[in-house]
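Residue-level structural notes
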Amino acid sequence: MDKRTFLKTGLCGAAGTVICPGSLYASPAEKPWKWSRVALYQVETPRGIRCQICPNECTLKEGELSDCHNRKVYDGKLYTIAYGNPCAIHIDPIEKKPLYHFKPGSNAFSIATAGCNLACLNCQNWTISQSSPEETQNYDLMPDKVVSQALKYNCDSIAYTYSEPITFYEYMYDSAKVAHDAGLKNVLVSAGYIYNEPLLQLCKVIDAANIDLKSLDDVIYLKLNAGKLEPILNTLKTLKDEGVWLEITNLVIPSWTDDLDMIKRMCGWLSENGFSDTPLHFSRFHPQYKLQRLPSTPVQILESAKQIALAEGLDYVYIGNVPGNSSTHTTCPHCNHMLVERSGYHIATFQIDTDSCPNCSHKIPGIWN
Amino acid sequence: MTQGPYHLISIGLLFILGYFFSLLMLRMQLIQKPDHRKVWNIGLLLFFCSTALLGFLLAVKVNYKLEISWIEDAMLWHVNLGIGFAFIALFHLTWHLNYYLKKRSRHRGSIERENWTPHLIVTPMQHKLLFLLLGYISILSQMVLLREFIKTFHGNELIIGVFLALWMTLTSAGAWAGVRYRKKIGLPSILRVYLSLGSAALVIYMLLILIDRFLFLPGYEPGTMASMIYIILLISIFTLVSGFLFSYLTRAVKTDIPDARNYMLDSLGSLFGGFLFGLILVFAFNNIQIISLLLLTTFLTVILGFRYPSATYRRLGLLLPALLLFLLFSFPGVRKSIEGLRYKKEVVLETRDTPYGNITLTERNGQVIGYMDRNPIMQTGDLSRAEESVHYPALQHPHPSSFLLMGGGLSGTISEVKKYRPRVFDYCDADPWFFKLALPHLPPTGEGQFNFIPMDGRKWLIRAEGVSYDVIISGAPDPYTLGWNRYFTTEFFNLVRLHLAPDGIFCMQLTAGGNYINDKGIRVLNINYRTLKESFAHVVIVPGQISYFLASKKPISLNFPALLEKHPIQTTYVHPDYLDETRLTFDSDMLMDRLSEDAIGINSDMWPRLFFSSLANLEARMGSHSLLASGVIAVIIFLLLMLLLPARSTGIYMMGFTGAGIQILLIFILQSLYGFAYLAAPLMITLFMAGIVLGIRVWKPLVRSASPSNISAMIWFMALIDALGVLLLKYNLLLSNPLLGQMVLGLMNFIPGIIVGSVYGMSVRLSKLDGFINSGRLYSADLAGAALGSFLPVVFLLPLIGVANTFILFFGINVATGLFLLFRWR
């Protein structure tokens with residue numbers, strides 16, 4: 001090859017690199033794909049299209065991706081790119097959510113797409129929560145198929161879980177409507193980081209919810225989760241007011257959320273705000289994601305947290321993620337009669353009689369059938 | 001809101017590659033220098049004009065509050081073009097650097113020839129002490145601080161490689177600066193610097209603890225990029241100063257000793273320090289004690305060797321605190337208090353620095369936690385993991401009566417194994433310290449005995465001829481290091497299969513698991529699955545938060561509830577109440593669907609693919625993308641230095657690279673084949689240093705005269721060593737006679753040291769400029785090569801192309817370097 005040919009070839013190659021679509025610069029916004037729908041709760045502003053589902057309030061320009069990784073603007077409209085493309089599908093016992101007072105012993109058809117509007121350092125599902133649906137391997141499961149699969153596997157409910165279902169709001173909402181028509185229940189497992197208006201709409205199709213109350217400290221919410229506390233508290237109140245069956249989970253993380261004073265304040269707040277009969281689950285932390293250098297929560301701390309919660313007036317307090325722990329049984333808060341004896345995810349005995357304690361007739365809240 | 005980033009890296013890479021490409025064309029004489037410069041000058045002008053114009057426009061917009069709809073795009077272009085402009089300006093600067101340097105060096109050179117004379121008058125013994133002590137302080141500080149950095153950041157091969165590469169690079173930079181420093185520094189100041197260097201490790205140690213305690217979020221592990229920044233900040237002063245000292249002292253000390261001998265003395269000091277650390281100190285003392293011993297011995301040497309400070313009370317003022325510190329740190333209570341600062345809200349029960357790393361046991365609210373290098377590896381009350389790792393395999397066997405457990409026993413697995421009342425129960429743990437320290441603090445392991453074998457599990461399998469087990473369980477952690485990768489290779493699995501009874505079952509685990517496994521995690525599982533399939537007919541993955549692999553000659557069942565009915569075993573988590581066969585099968589099938597049939601390659605001793613994939617998966621978890629970027633940057637730096645260094649430095653630079661690289665390869669081979677988990681590294685380093693010392697001494701009688709052709713010949717001799725490595729591996733000659741094999745490997749490490757020393761000695765002699773300026777530059781070039789040689793092979797070459805191909809690559813590099821020097825050295 002002579003110098004002239006070499007230079008010509010080199011320049012052509014360089015030009016091709018610049019022209020070809022895989023160039024190093026950001027490409028223009030891609031057309032919505034098969035799993036996109038126009039997003040609900042958006043408003044146009046001079047700075048871009050603002051999403052109004054959650055307090056992150058992402059304001060996006062053409063082609064930009066939201067903080068939750070699954071909303072994009074195309075042609076002046078906000079689209080969700082998480083619709084009909086779940087990446088995680090499992091059949092879980094309802095107790096795993098955890099929901100102890102909702103159709104005990106049943107199975108939940110559990111789905112999730114990628115994306116989350118928080119960034120918890122301890123996320124168990126970080127591989128999907130901190131990714132976009134464009135990065136994960138997904139199934140093709142439109143709402144009607146979700147329901148047909150749930151029925152095929154004899155599940156009583158569909159659980160929107162694992163990552164953060166608020167970020168696939170439209171998919172969840174549409175699937176929930178179809179599920180209701182088919183006689184299935186809908187379960188929301190979420191961090192509760194959502195605005196009131198979309199939550200009110202969601203409450204029309206959701207039957208039960210487990211909300212993570214990560215702490216009662218704004219600073220922890222910021223440093224650990226990249227969120228805020230107040231929206232979560234509002235979510236709890238709204239769900240209660242709208243009649244959605246609610247259970248609350250608090251993950252006790254050593255050095256982060258294991259402060260017993262903070263736990264006392266949290267239980268005090270729950271008690272004062274009408275959540276005394278709302279089941280509270282203290283869950284044991286195991287090293288995950290970016291918090292791999294912490295040990296698991298000592299069981300003693302979970303036991304202490306439980307005692308504090310009971311002392312603050314909460315009636316139903318459980319300890320989760322500790323196999324063999326006896327704090328998974330349901331007892332009557334009035335007469336201490338054993339109502340539901342659980343062994344793992346298995347119901348050993350069930351003695352609730354028409355939503356009441358068979359011993360003292362005290363009303364036991366829950367959806368027991 | 002996610003903002004589009006300025007394309008710093010992509011533009012930078014594009015321009016660097018483009019410049020390198022044009023430089024290559026220039027060197028190949030496909031273009032002329034004026035044309036080359038013209039192209040880049042035009043680029044400079046274009047980028048300058050566009051950046052300036054847009055900047056001007058933005059200034060007008062802001063000042064006069066104009067409304068321009070496309071202004072944000074303009075800003076983006078302004079910055080991106082500015083980035084391009086900055087890079088081209090940088091290239092431009094390198095063209096004219098000589099202008100400034102020549103002026104300075106001509107000026108300085110002329111001044112030096114007129115005014116610069118070696119001014120430090122010391123006795124021959126003191127001269128030797130200066131360089132010996134420097135080598136001693138450097139190597140000891142490096143080894144002990146590496147262990148501390150592993151504790152604070154993450155003990156994976158990438159961090160280790162980054163640490164060593166940064167250490168040598170900064171030392172090299174310091175040496176380069178020392179060549180140019182014009183002011184004269186008196187001996188008292190020099191000695192004060194030595195005292196500071198001797199104390200630096202203690203200061204850095206304390207800073208690491210404070211950073212861990214106060215800067216890091218609880219439990220949070222910084223990513224590679226953040227770790228790199230911390231490493232640079234913490235070690236830069238020490239390494240720059242120590243490198244500077246070497247070069248400066250080479251110029252400044254008035255002596256008849258040939259210049260190259262300084263490098264020999266420095267190497268001797270390193271040799272001594274490495275020997276002392278690797279073979280004595282690490283077994284006898286904790287890191288803090290070694291650091292205080294370093295402080296004490298440095299002070300003693302300066303005081304006794306140089307009688308500095310002159311006043312007796314000042315000498316006592318130095319010695320007494322140093323001695324007191326050493327004594328203080330010998331108290332376990334003091335060490336626990338200091339280490340305990342890292343562990344908030346936990347009471348430290350034991351802490352010990354062992355050859356394998358730091359073991360710390362803590363207690364918190366009744367729970368005992370065992371940490372290895374800050375990572376929790378065991379705790380009481382973690383029932384599920386202990387049950388899973390034992391009962392998943394054991395339940396597959398009708399009557400398991402012989403067990404081999406390799407590591408992880410103290411997490412409760414020993415108690416679970418005892419439930420089967422085994423006739424034979426062997427427990428191997430390569431780190432006997434952990435076992436000894438932890439056992440008194442743990443609840444009883446239950447009735448029945450077990451045979452504790454303080455040995456690497458793989459080594460045990462090699463020695464235990466004729467022994468077979470019903471169940472073999474590997475508790476090895478994820479292969480983030482080449483050492484742990486040995487438990488995931490086809491050679492290891494073959495060994496396991498040989499020791500399994502006909503109905504036997506093998507179990508191991510990887511942490512890639514959960515409700516969804518990302519592509520990198522799938523790749524890790526896939527490589528391991530394929531590797532296991534090479535040795536076992538039946539392999540099943542039990543999905544969960546952790547993925548358990550079960551392998552056997554017989555079919556494997558996931559119906560644990562049914563299997564449990566056949567065994568009178570009391571379990572809590574591995575129990576029908578938690579595990580449902582339908583769900584497990586559903587999840588397992590979905591996982592298997594994602595494992596592809598692609599030719600993904602298997603993991604072997606000499607081609608550690610799984611190690612690299614695990615590192616990539618770890619990087620994904622940390623949210624950093626440094627792995628590939630660091631490799632690309634390292635390759636670019638390697639190539640640029642190769643092109644830009646003068647011929648007289650290229651030889652030693654390449655020898656530094658391949659010498660360090662061969663050392664790493666040989667340590668790796670020793671570990672993989674013979675299981676020398678810890679002793680290999682200091683022994684090999686010692687041999688290599690000894691080779692350097694000898695090489696500097698004997699090059700003259702060896703080759704008679706220094707010449708470019710003799711240097712090339714030495715480099716080609718190094719290529720022969722690479723070729724020998726390939727032959728040994730190809731014909732599997734190392735395993736047939738282990739003793740001979742180890743001797744050959746030792747020799748293969750010793751001879752490159754001689755070659756490096758010889759090339760260094762010859763290069764010094766051959767340099768055209770003033771002798772003691774150049775030896776500093778050569779030292780700098782050697783270190784730069786060694787920095788890259790200790791990073792690239794470990795993190796990239798080994799796992800991506802395997803050991804044999806890495807030897808072939810080194811062979812090619814050495815042959816090409818020899819030819820290059822012959823033609824380029826004028």
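Residues numbered from 1 in each chain as written. Chains lettered and ligands numbered in written order. Predicted model: local features only at pLDDT ≥ 70, side-chain atom pairs only at ≥ 80, totals over all residues. Heavy atoms only, no water.

1. Description of the overall build of chain A
When helices and strands are counted, chain A shows nine helices and 17 strands. Judged by the C-alpha coordinates and their principal axes, chain A covers about 95 × 45 × 45 Å. For chain A, buried positions account for 56% of its 369 residues. Partitioning the contacts of chain A with sequence separation of at least 6, the portion at a separation of at least 24 is 67%. (Helix = DSSP H or I, 4+ residues; strand = E, 2+ residues; numbered from the N terminus. Buried < 20%, exposed > 50% of the residue type's maximum accessible area, 1.4 Å probe, protein only. Contact = heavy atoms within 4.5 Å.)

2. Some words on the environment of A:Ala39
Residues and elements named next belong to chain A. Among the secondary structure elements, Ala 39 is positioned in the loop between β1 (37-38) and β2 (42-45). Judged by its relative accessible area of 6%, Ala 39 is buried. Residues Ala 39 and Ile 81, spaced 42 residues apart in sequence, show a C-alpha to C-alpha distance of 8.9 Å. Setting aside residues no more than four positions away along its own chain, Ala 39 makes contact with Arg 71, Leu 78, Tyr 79, Thr 80 and Glu 170.

3. Thoughts on unusual backbone geometry
Cis rather than trans, the peptide bond between A:Lys97 and A:Pro98 has omega equal to 0°. With respect to the helices, strands and loops of the structure, A:Pro98 is situated in the loop between β7 (88-93) and β8 (107-112). B:Tyr308 connects to B:Pro309 through a cis peptide bond whose omega is -5°. Here B:Pro309 lies in the loop between α9 (287-306) and α10 (312-329). Positive phi is not limited to glycine here, since A:Asn154 has a value of about 55°. Inspection of the secondary structure assignment puts A:Asn154 in the loop between α3 (143-152) and β9 (157-160). Despite not being glycine, A:Tyr162 shows a phi value in the positive range, around 60°. Mapping A:Tyr162 onto the fold places it in the loop between β9 and α4 (169-181).

4. Things to note about the side chain of B:Arg315
Residues and elements named next belong to chain B. Tracing the backbone through its elements, the reader meets Arg 315 in helix α10. Asp 266 provides the closest opposite charge to the buried, unpaired Arg 315, separated from it by 25 Å. The contacts of Arg 315, once residues within four sequence positions are left out, are Ile 303, Arg 307, Pro 309 and Ser 310. (Lys, Arg positive; Asp, Glu negative; His and termini not counted. Salt bridge = Lys/Arg side-chain N within 4 Å of Asp/Glu carboxyl O.)

5. Quick word on the domain arrangement of chain B
Looking at chain B, the domain boundaries give domain 1 (1-31 + 50-104), domain 2 (116-347), domain 3 (381-605) and domain 4 (626-826). Between the C-alpha centres of domain 1 of chain B and domain 2 of chain B there is a distance of 40 Å. (Domains from an automatic or database assignment.)

6. Observations concerning the interface of chain B and chain A
Tallying the contact residues gives 60 residues for chain B and 61 residues for chain A. Taken together, chain B and chain A are joined by three salt bridges. Seen at the junction of chain B and chain A, the total is 23 residue pairs in polar contact (both at pLDDT 80 or more). Counting only elements with at least two residues in the side of chain B that touches chain A, the list comes to α1 (8-27), α4 (124-152), β3 (367-372), β4 (375-379), α12 (383-394), α20 (581-594) and α21 (609-622) of chain B. (Polar contact = N/O pair within 3.5 Å; in protein donor to acceptor, adjacent residues only side chain to side chain.)

7. So, the pattern of salt bridges
Residues and elements named next belong to chain B. Under the criterion given, the structure shown has 25 salt bridges over all chains. For Asp 212, the salt bridge is made with Arg 342, and the minimal N-O distance between the two is 3.0 Å. On the criterion of sequence distance, the pair formed by Asp 212 in helix α6 (residues 187-215) and Arg 342 in the loop between α11 (332-340) and β1 (347-354) is long-range, its members being 130 residues apart. The same class applies to Asp 212 as to Arg 342, namely buried. The shortest N-O distance in the salt bridge between Glu 416 and Lys 419 comes to 2.9 Å. Here the salt bridges share partners, and the residues they tie into one network are Glu 148, Lys 151, Asp 212, Glu 339, Arg 342, Asp 353 and Arg 374.

8. Some remarks on α11(B)
The set of residues buried in α11(B) consists of B:Arg335, B:Ile338, B:Glu339 and B:Gly340. In this structure, the buried residues of α11(B) make contact with α4, α6, α9, α10, β1 and β2 (357-364) of chain B.

9. Structural notes on the sheet that holds strand β3 (residues 48-51) of chain A
Residue and element names in this part refer to chain A. Taken together, three strands build an open sheet; the order of strands is β2-β3-β4 and the sheet is antiparallel. Bordering the open sheet on either side are β2 and β4 (59-60), each of which pairs with just one other strand. Here β3 pairs with β4 via two bridges, running antiparallel. Directly across from Ile 49, in β4, lies its bridge partner Leu 60. (Pairing = 2+ DSSP bridges.)

10. Observations regarding the sheet that holds β1(A)
Two strands in a sheet stick together by hydrogen bonds in their backbones, pointing the same way (parallel) or opposite ways (antiparallel). With respect to topology, three strands assemble into an open sheet ordered β1-β6-β5 (chain A), the strand pairing being antiparallel. A strand with exactly one partner marks an edge of an open sheet, and here the two such strands are β1 and β5 (71-74) of chain A.

11. Quick look at α4(A)
Between its first and last C-alpha, α4(A) extends 19 Å over 13 residues, near the 18 Å set by a 1.5 Å rise per residue. At the C-terminal side of α4(A), A:Gly183 shows a positive phi close to 85°. (Expected span 1.5 Å × (residues − 1).)

12. Re the packing of α3(A) against α4(A)
Residue and element names in this part refer to chain A. At a minimum axis separation of 8 Å, α3 and α4 run at an interaxial angle of 50°. Comparing the axis directions of α3 and α4 gives the class oblique. Crossing angle aside, the handedness with which α3 passes α4 is right-handed. Judged by residue contacts, Pro 143, Asp 144, Val 146 and Val 147 of α3 engage Tyr 171, Asp 174, Ser 175, Val 178 and Ala 179 from α4. Here the residues of the contact of α3 with α4 are counted per class, giving six nonpolar, one polar and two charged. (Axes fitted to C-alpha atoms, helices over the stretch in contact; angles between N-to-C directions. Parallel < 35°, antiparallel > 145°, perpendicular 65-115°, else oblique. Left-handed = near helix turned anticlockwise from the far one by under 90°. Nonpolar A, V, L, I, M, F, W, Y, C, P; charged D, E, K, R; others polar.)

13. A short note on a nonpolar patch on the surface
Taken together, the side chains of B:Leu316, B:Leu320, B:Leu323, B:Leu324 and B:Leu327 present a nonpolar region at the surface, about 460 Å² in accessible area. Within the secondary structure layout, B:Leu323 lies in helix α10. (Patch = residues over 30% accessible without salt bridge, like charges linked within 9 Å, V, L, I, M, F, W, Y side chains within 5 Å. Areas by Shrake-Rupley, 256 points an atom, 1.4 Å probe, with all protein chains shown as cover.)

14. A word on the pairing of strand β10 (residues 538-542) of chain B
Within β10(B), four of the five residues are buried, which leaves the element mostly enclosed by the surrounding structure. The loop that links β10(B) with its antiparallel partner strand β11 (residues 547-552) of chain B comprises four residues.

15. Observations regarding the packing of aromatic side chains
Residues and elements named next belong to chain B. With the rule as written, the count across this model stands at 59 aromatic pairs over all chains. Both rings, one in Phe 246 and one in Tyr 263, keep their centres 6.4 Å apart while their planes meet at 75°; by these two values the pair is edge-to-face. Of the two residues, Phe 246 is situated in helix α7 (residues 224-252) and Tyr 263 in helix α8 (residues 260-284); the sequence distance between them amounts to 17 residues. Taken together, a centroid distance of 6.4 Å and an interplanar angle of 40° make the contact between Phe 283 and Trp 433 tilted. With Phe 283 in helix α8 and Trp 433 in helix α14 (residues 432-438), the pair connects residues that are 150 residues apart, well separated along the chain. Looking at Phe 283, the relative accessible area reads 31%, which means it is partly exposed. Pairwise contacts between aromatic rings join Phe 149, Phe 153, Phe 163, Trp 167, Phe 216, Tyr 230 and Phe 238 into one cluster. (Phe/Tyr/Trp six-rings, centres within 6.5 Å; stacked < 30°, edge-to-face > 60°.)

16. Considering the packing of α1(B) against helix α2 (residues 33-63) of chain B
Relative orientation and spacing of two packed helices are given, respectively, by the angle between their axes and the distance between those axes. All names here are of chain B. Taken N-terminus to C-terminus, the directions of α1 and α2 make an angle of 160°; their axes are 9 Å apart at the nearest point. As judged from the angle between their axes, α1 and α2 are roughly antiparallel. In the crossing of α1 with α2, the sense of the turn from one axis to the other is right-handed. Residue-level inspection shows Phe 15, Gly 18, Tyr 19, Ser 22, Leu 23 and Leu 26 of α1 in contact with α2, the latter providing Lys 33, His 36, Trp 40 and Phe 47.

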